[in-house]
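Residue strings, one per chain:
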Amino acid sequence: MRGSAHLRVALEPLAERHLDQTARLWGDPAVIRYTNMENPCTREEAAERLRLLLDSQRTLPEPVIFAVLQAGRFCGAAGSPPVDAERGIFGLFYQLLPEAWGQGVGGAAAEQVLEALRSWAPQAVVLADAVAENTASIRILERMGFCRTAIRPRAARRGGTAWDIWEYELHCGRQEEECP
């Protein structure tokens, strides 16, 4: 199923016209469960989050934040926002509406985001993190060659629960990433 999802997954630069869709995405408690968002976003909060994401890429030669489309319909957002663009360090995120979960869409979107970044920043270092309980994201990151670099015990807290955060890193310029 992963291969067929990859064929149906497309990225388009995220833009202000995606506000209604991103408000739905970031307003869904299930979507934000393993993110740094403590509460679902209101429409106004989603507009501010969208503005900040778009602003983060304005000085870059190509877009790095995308709407994820499946069969032509918005199903999430993914990107590699700059952490330190001058040093070639970027992040990686992907967030999908629940109806797109379990179909390979997250992995396909993440792969396409990295392909887009590599096209103009072939030596980029990409950082990502995942809540230890988010096994789907961990599988995606590890399958793509990300190496776990640290564990931050009980670093994420939500509703009285504390989770470990696993930090990951990928060096785009290396052929085969070998984790220590």
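Our subject is the structure that appears above.
Residues numbered from 1 in each chain as written. Predicted model: local features only at pLDDT ≥ 70, side-chain atom pairs only at ≥ 80, totals over all residues. Heavy atoms only, no water.

Trainee: Any chance you could break down the sheet that holds strand S4 (residues 82-84) for me, citing the residues and the numbers?
Mentor: If you walk across this open sheet you meet the five strands as S4-S5-S7-S9-S8, and the pairing is mixed. What marks the edges here is a single partner per strand, and that holds for S4 and strand S8 (147-158). Mean inter-strand twist for the sheet, computed between neighbouring axes without regard to direction, equals 30 degrees. Summarising the sheet, strand S5 (residues 89-91) and strand S7 (residues 125-131) pair through three bridges and their orientation is parallel. Looking at the pairing, Phe90 lines up with Val126 of S7. Set on the sheet, helix H6 (residues 135-143) makes contact with S7, S8 and strand S9 (161-171); between it and S7 the angle comes to about 155 degrees. (Pairing = 2+ DSSP bridges. Helix = DSSP H or I, 4+ residues; strand = E, 2+ residues; numbered from the N terminus. Axes fitted to C-alpha atoms, helices over the stretch in contact; angles between N-to-C directions. Contact = heavy atoms within 4.5 Å.)

Trainee: Which residues make up the packing of aromatic side chains, and what values do they have?
Mentor: Under the counting rule described, the total for this entry stands at two aromatic pairs. Relative to Trp163, the ring of Tyr34 has its centre 5.3 Å away and its plane inclined at 65 degrees; by these criteria the two rings are edge-to-face. Of the two residues, Tyr34 is situated in the loop between helix H3 (29-32) and helix H4 (43-56) and Trp163 in strand S9; the sequence distance between them amounts to 129 residues. Under the relative-accessibility criterion, Tyr34 is labelled partly exposed at 25%. Considering the side-chain rings of Phe90 and Trp120, the 5.8 Å spacing of their centres and the 90 degrees angle between planes classify their relative orientation as edge-to-face. You can see Phe90 sitting in strand S5 and its partner Trp120 sitting in helix H5 (residues 105-120), a full 30 residues away along the chain. (Phe/Tyr/Trp six-rings, centres within 6.5 Å; stacked < 30°, edge-to-face > 60°. Buried < 20%, exposed > 50% of the residue type's maximum accessible area, 1.4 Å probe, protein only.)

Trainee: I'd like to hear about the pattern of salt bridges, residue by residue, with values.
Mentor: Taken as a whole and assessed by the stated rule, the structure comprises nine salt bridges. Between Asp55 and Arg51 there is a salt bridge, and its shortest N-O distance comes to 2.7 Å. Placement of both Asp55 and Arg51 in helix H4 is noted, with a separation of four residues, approximately one turn of the helix. Residue class for Asp55 comes out partly exposed when judged on its relative accessible area of 33%. (Salt bridge = Lys/Arg side-chain N within 4 Å of Asp/Glu carboxyl O.)

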